[in-house]
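# Observations on the three-dimensional arrangement
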Amino acid sequence: MTLLKIARMGHPVLLRRALEVGEPAGAATRALVGDMAETMEDAGGVGLAAPQVHDGRRVIVFKSPRGRGDDGPETAFCPLTALVNPAFEPLGDEKELGWEGCLSIPGITGAVPRFARIAYRGDLPEGGSVEREATGFHARVVQHEIDHLDGILFPRRMADLSLLAFNEELARLAEAVSESGGATA
Ligand code: NI
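What you see as residue numbers is a count from 1 along each chain, following the sequence as written. Only residues with pLDDT of at least 70 are given local features in this predicted model, and only at 80 or more are side-chain atom pairs given and counted; all residues enter the totals for whole chains, interfaces and linings. Water and hydrogen atoms were dropped before computing side-chain values, which therefore reflect all heavy atoms in the structure.

## Thoughts on the overall build of the protein chain
Secondary structure counts use DSSP, requiring at least four H or I residues in a row for a helix and at least two E residues in a row for a strand, with both numbered from the N terminus. Tallying secondary structure elements over the protein chain gives three helices and eight strands in all. The globule rule used for comparison is 2.2 Å times the number of residues to the exponent 0.38, while the radius of gyration itself is calculated over C-alpha atoms. In terms of overall dimensions, the protein chain is globule-like: its C-alpha atoms have a radius of gyration of 15 Å, near the 16 Å expected for 185 residues. In the protein chain, which comprises 185 residues, the proportion classed as buried is 50%. Total accessible area on the protein chain is roughly 8,900 Å²; 51% of this is exposed by carbon and sulfur atoms. Three exposure classes are used, based on accessible area relative to the maximum for each residue type with a 1.4 Å probe and protein chains only: buried under 20%, partly exposed in between, and exposed over 50%. Working definition of accessibility: Shrake-Rupley area with a 1.4 Å probe, residue cover restricted to the visible protein chains.

See below:
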(Lines give C-alpha, C1' and ligand atoms only; values in the text may rest on other atoms or scores of the structure.)
Protein backbone atom coordinates (compact mmCIF):
# COMPACT_ATOMS: atom_id res chain seq x y z
CA MET A 1 0.00 0.00 0.00
CA THR A 2 0.99 3.57 -0.56
CA LEU A 3 0.57 6.81 1.32
CA LEU A 4 -1.13 9.28 -1.02
CA LYS A 5 -0.63 13.03 -1.28
CA ILE A 6 -3.56 14.99 0.17
CA ALA A 7 -4.84 17.97 -1.84
CA ARG A 8 -5.39 21.16 0.13
CA MET A 9 -8.15 23.76 -0.22
CA GLY A 10 -7.58 25.80 -3.36
CA HIS A 11 -6.51 22.85 -5.50
CA PRO A 12 -9.03 22.52 -8.36
CA VAL A 13 -9.33 18.75 -7.86
CA LEU A 14 -11.35 19.47 -4.71
CA LEU A 15 -13.96 21.41 -6.70
CA ARG A 16 -14.72 18.82 -9.37
CA ARG A 17 -17.59 16.35 -9.31
CA ALA A 18 -16.20 12.84 -9.01
CA LEU A 19 -17.40 10.16 -11.43
CA GLU A 20 -19.37 6.98 -10.76
CA VAL A 21 -17.30 3.80 -10.65
CA GLY A 22 -18.41 1.16 -13.14
CA GLU A 23 -16.75 -1.77 -11.35
CA PRO A 24 -17.09 -1.09 -7.62
CA ALA A 25 -15.48 -4.38 -6.66
CA GLY A 26 -12.69 -4.28 -9.25
CA ALA A 27 -9.04 -4.64 -8.35
CA ALA A 28 -8.37 -0.98 -9.16
CA THR A 29 -11.04 0.16 -6.70
CA ARG A 30 -9.77 -2.14 -3.98
CA ALA A 31 -6.23 -0.83 -4.41
CA LEU A 32 -7.45 2.77 -4.15
CA VAL A 33 -9.49 2.00 -1.05
CA GLY A 34 -6.52 0.36 0.64
CA ASP A 35 -4.28 3.33 -0.05
CA MET A 36 -6.97 5.79 1.07
CA ALA A 37 -7.53 4.00 4.37
CA GLU A 38 -3.79 3.92 5.06
CA THR A 39 -3.45 7.61 4.15
CA MET A 40 -6.40 8.58 6.37
CA GLU A 41 -5.06 6.70 9.38
CA ASP A 42 -1.55 8.08 8.86
CA ALA A 43 -2.93 11.63 8.78
CA GLY A 44 -5.05 11.07 11.90
CA GLY A 45 -8.35 11.65 10.11
CA VAL A 46 -11.69 9.86 10.37
CA GLY A 47 -12.75 10.28 6.76
CA LEU A 48 -11.27 10.73 3.32
CA ALA A 49 -12.74 11.08 -0.16
CA ALA A 50 -10.95 10.14 -3.38
CA PRO A 51 -10.77 13.72 -4.75
CA GLN A 52 -8.70 14.61 -1.67
CA VAL A 53 -6.00 12.25 -2.97
CA HIS A 54 -6.25 13.52 -6.54
CA ASP A 55 -8.51 10.72 -7.75
CA GLY A 56 -11.77 11.55 -9.52
CA ARG A 57 -13.75 8.43 -8.57
CA ARG A 58 -16.75 8.33 -6.22
CA VAL A 59 -15.03 6.52 -3.37
CA ILE A 60 -14.96 7.40 0.34
CA VAL A 61 -13.55 5.87 3.52
CA PHE A 62 -14.68 6.85 7.01
CA LYS A 63 -15.24 5.69 10.56
CA SER A 64 -17.11 6.87 13.63
CA PRO A 65 -15.40 5.20 16.56
CA ARG A 66 -16.77 4.87 20.06
CA GLY A 67 -15.25 7.18 22.61
CA ARG A 68 -15.75 10.13 20.29
CA GLY A 69 -17.78 12.27 22.60
CA ASP A 70 -20.75 10.46 24.05
CA ASP A 71 -22.72 7.28 24.57
CA GLY A 72 -24.99 7.84 21.62
CA PRO A 73 -27.18 5.19 20.04
CA GLU A 74 -25.67 2.41 17.95
CA THR A 75 -26.42 4.39 14.79
CA ALA A 76 -23.90 7.06 15.87
CA PHE A 77 -20.97 4.68 15.42
CA CYS A 78 -19.46 2.61 12.64
CA PRO A 79 -16.22 0.74 11.98
CA LEU A 80 -13.86 1.74 9.19
CA THR A 81 -15.99 1.58 6.05
CA ALA A 82 -15.18 2.06 2.38
CA LEU A 83 -18.02 2.91 0.01
CA VAL A 84 -18.12 3.22 -3.76
CA ASN A 85 -20.81 5.36 -5.44
CA PRO A 86 -22.33 6.34 -2.07
CA ALA A 87 -25.56 8.30 -1.65
CA PHE A 88 -27.65 9.45 1.30
CA GLU A 89 -31.03 10.90 2.06
CA PRO A 90 -32.05 12.80 5.19
CA LEU A 91 -34.56 11.15 7.55
CA GLY A 92 -36.48 14.20 8.68
CA ASP A 93 -35.62 17.88 8.54
CA GLU A 94 -33.69 18.17 11.81
CA LYS A 95 -30.16 19.55 11.56
CA GLU A 96 -27.45 19.62 14.21
CA LEU A 97 -24.55 22.03 14.55
CA GLY A 98 -21.22 20.30 15.15
CA TRP A 99 -17.50 20.90 14.74
CA GLU A 100 -15.76 19.61 11.64
CA GLY A 101 -12.26 19.63 10.34
CA CYS A 102 -10.91 18.41 7.03
CA LEU A 103 -7.56 16.92 6.04
CA SER A 104 -7.67 19.31 3.05
CA ILE A 105 -8.03 22.35 5.38
CA PRO A 106 -5.39 21.58 8.00
CA GLY A 107 -5.45 23.46 11.30
CA ILE A 108 -8.98 24.84 10.83
CA THR A 109 -12.27 23.82 12.44
CA GLY A 110 -15.77 25.08 11.78
CA ALA A 111 -19.28 24.55 13.13
CA VAL A 112 -21.37 23.02 10.34
CA PRO A 113 -25.11 22.26 10.31
CA ARG A 114 -25.78 18.72 9.05
CA PHE A 115 -28.83 16.47 8.93
CA ALA A 116 -29.14 14.73 12.28
CA ARG A 117 -30.42 11.45 10.86
CA ILE A 118 -29.80 9.95 7.44
CA ALA A 119 -30.05 6.73 5.48
CA TYR A 120 -27.13 5.98 3.21
CA ARG A 121 -26.10 3.30 0.82
CA GLY A 122 -23.07 2.40 -1.26
CA ASP A 123 -21.32 -0.41 -3.05
CA LEU A 124 -18.60 -2.27 -1.19
CA PRO A 125 -15.15 -2.75 -2.75
CA GLU A 126 -15.24 -6.35 -1.51
CA GLY A 127 -18.52 -6.92 -3.41
CA GLY A 128 -22.17 -6.34 -2.61
CA SER A 129 -23.61 -3.21 -1.11
CA VAL A 130 -24.63 -1.81 2.24
CA GLU A 131 -27.51 0.30 3.55
CA ARG A 132 -27.37 1.91 6.97
CA GLU A 133 -29.07 4.47 9.14
CA ALA A 134 -26.77 6.97 10.78
CA THR A 135 -27.05 9.63 13.48
CA GLY A 136 -24.66 11.92 15.30
CA PHE A 137 -21.05 11.96 14.16
CA HIS A 138 -21.63 8.94 11.93
CA ALA A 139 -24.23 10.89 9.94
CA ARG A 140 -21.98 13.95 9.92
CA VAL A 141 -18.89 12.24 8.51
CA VAL A 142 -20.88 10.54 5.72
CA GLN A 143 -22.41 13.87 4.66
CA HIS A 144 -18.98 15.53 4.78
CA GLU A 145 -17.36 12.84 2.60
CA ILE A 146 -20.17 12.67 0.02
CA ASP A 147 -19.93 16.46 -0.26
CA HIS A 148 -16.28 16.01 -1.31
CA LEU A 149 -17.49 13.86 -4.23
CA ASP A 150 -19.57 16.82 -5.39
CA GLY A 151 -16.73 19.33 -5.01
CA ILE A 152 -17.99 20.87 -1.76
CA LEU A 153 -15.76 21.67 1.22
CA PHE A 154 -17.29 22.15 4.67
CA PRO A 155 -17.00 25.98 4.86
CA ARG A 156 -19.57 26.18 2.04
CA ARG A 157 -22.04 24.35 4.30
CA MET A 158 -21.57 26.74 7.20
CA ALA A 159 -24.43 29.04 8.13
CA ASP A 160 -22.27 31.32 10.32
CA LEU A 161 -18.66 31.90 9.22
CA SER A 162 -17.85 33.51 12.57
CA LEU A 163 -17.69 29.88 13.79
CA LEU A 164 -14.64 29.13 11.63
CA ALA A 165 -11.46 29.04 13.69
CA PHE A 166 -7.86 27.95 13.95
CA ASN A 167 -7.71 24.84 16.12
CA GLU A 168 -5.63 26.65 18.74
CA GLU A 169 -8.43 29.21 19.24
CA LEU A 170 -11.25 26.70 19.30
CA ALA A 171 -11.61 26.34 23.06
CA ARG A 172 -12.65 29.97 23.40
CA LEU A 173 -14.98 29.81 20.43
CA ALA A 174 -16.58 26.55 21.52
CA GLU A 175 -18.31 28.26 24.40
CA ALA A 176 -20.44 30.04 21.81
CA VAL A 177 -21.73 26.80 20.29
CA SER A 178 -24.20 24.45 21.87
CA GLU A 179 -22.74 21.19 20.64
CA SER A 180 -19.30 19.89 19.80
CA GLY A 181 -17.72 16.53 19.08
CA GLY A 182 -16.36 16.98 15.61
CA ALA A 183 -13.13 15.68 14.18
CA THR A 184 -10.97 15.88 11.13
CA ALA A 185 -12.56 14.30 8.08
NI1 NI B 1 -12.85 16.66 4.35
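## As for unusual backbone geometry
Residues other than glycine seldom take positive phi values, yet H54 does so here, at roughly 65°. Inspection of the secondary structure assignment puts H54 in the loop between strand 1 (47–49) and strand 2 (59–64). In this structure, N85 takes a positive phi of about 50° despite not being glycine. Examined against the element boundaries, N85 turns out to sit in strand 3 (residues 78–90).

## Brief notes about the coordination of the nickel ion
Put simply, a metal with four donors set out as a tetrahedron has ideal angles of 109.5 degrees, and one with six donors set out as an octahedron has ideal angles of 90 or 180 degrees. In this description, a donor is an N, O or S atom within 2.8 Å of the metal centre, a cutoff extended to 3.2 Å for sodium, potassium and calcium. Water is not part of the atom list, which can make sites seem incomplete. Binding of the nickel ion to the protein goes through C102 (SG), H144 (NE2) and H148 (NE2), at separations of 2.1 to 2.3 Å. We note that the donor set of the nickel ion lies within a single chain, spaced as C-x41-H-x3-H. Remark: H144 occurs in helix 2 (residues 136–149) and C102 occurs in the loop between strand 4 (95–100) and strand 5 (108–115); sequence separation between them is 42 residues. Assessed through its relative accessible area of 2%, C102 is described here as buried.

## Things to note about the sheet that holds strand 4
Spatial strand order, 4-5-8: three strands in an open sheet with antiparallel pairing. Sheet topology places strand 4 and strand 8 (164–166) at the edges, where each strand pairs with a single neighbour. Strand-to-strand twist in this sheet, taken as the mean axis angle between neighbours without regard to direction, amounts to 25°. By definition, two strands form a pair when at least two bridges between them are found by DSSP. Angles run from 0 to 180 degrees between N-to-C directions of axes, and those axes are lines fitted to C-alpha atoms, restricted for helices to the stretch in contact.

## Some details on the pairing of strand 7 (residues 129–135)
The sheet contact formed by strand 6 (residues 117–123) and strand 7 spans seven bridges and is antiparallel. Within strand 7, the residue paired with G122 across the bridge is V130.

## Topic: the packing of aromatic side chains
Aromatic rings from Phe, Tyr and Trp, taking only the six-membered ring of Trp, are treated as a pair when their centres fall within 6.5 Å; an angle between ring planes under 30 degrees marks them as stacked, one over 60 as edge-to-face, and anything in between as tilted. Counted under the stated rule, the structure contains one aromatic pair. The interplanar angle of 75° and the centroid separation of 5.9 Å between the aromatic rings of F62 and Y120 together place this pair among those described as edge-to-face. With F62 in strand 2 and Y120 in strand 6, this pair connects stretches of sequence that are 58 residues apart. With a relative accessible area of 0%, F62 lands in the buried category. Taking the relative accessible area as the measure of exposure, Y120 reaches 2% and is therefore buried. Only when the NZ atom of a Lys or the CZ atom of an Arg is both within 6 Å of the ring centre and within 35 degrees of the ring normal do we say a charge sits over the ring. A cation over a ring is seen here: R66 above F77, with NZ or CZ 4.2 Å from the ring centre. Sitting above the plane of the F115 ring, K95 keeps its charged end 4.7 Å from the centroid.

## Describing the pattern of salt bridges
Salt bridges are defined by distance alone: a side-chain nitrogen of Lys or Arg within 4 Å of a carboxyl oxygen of Asp or Glu. By the definition in use, this model includes 14 salt bridges. Between R58 and E20 there is a salt bridge whose closest N-O contact spans 3.8 Å. One end of the pair, R58, is in the loop between strand 1 and strand 2; the other, E20, is in the segment before helix 1 (27–43), and 38 residues separate them in sequence. When the shortest N-O distance is used, the salt bridge between D147 and R157 registers 2.8 Å. Here D147, found in helix 2, pairs with R157, found in the loop between helix 2 and strand 8; they are ten residues apart in sequence, far enough to count as distant. Judged by relative accessible area, R157 falls into the partly exposed class, the value being 38%. Counted as one network, the salt bridges with shared partners bring together E100, R114, R140, D147 and R157.

Fair warning: the whole summary comes from geometry, so function is off the table for now.
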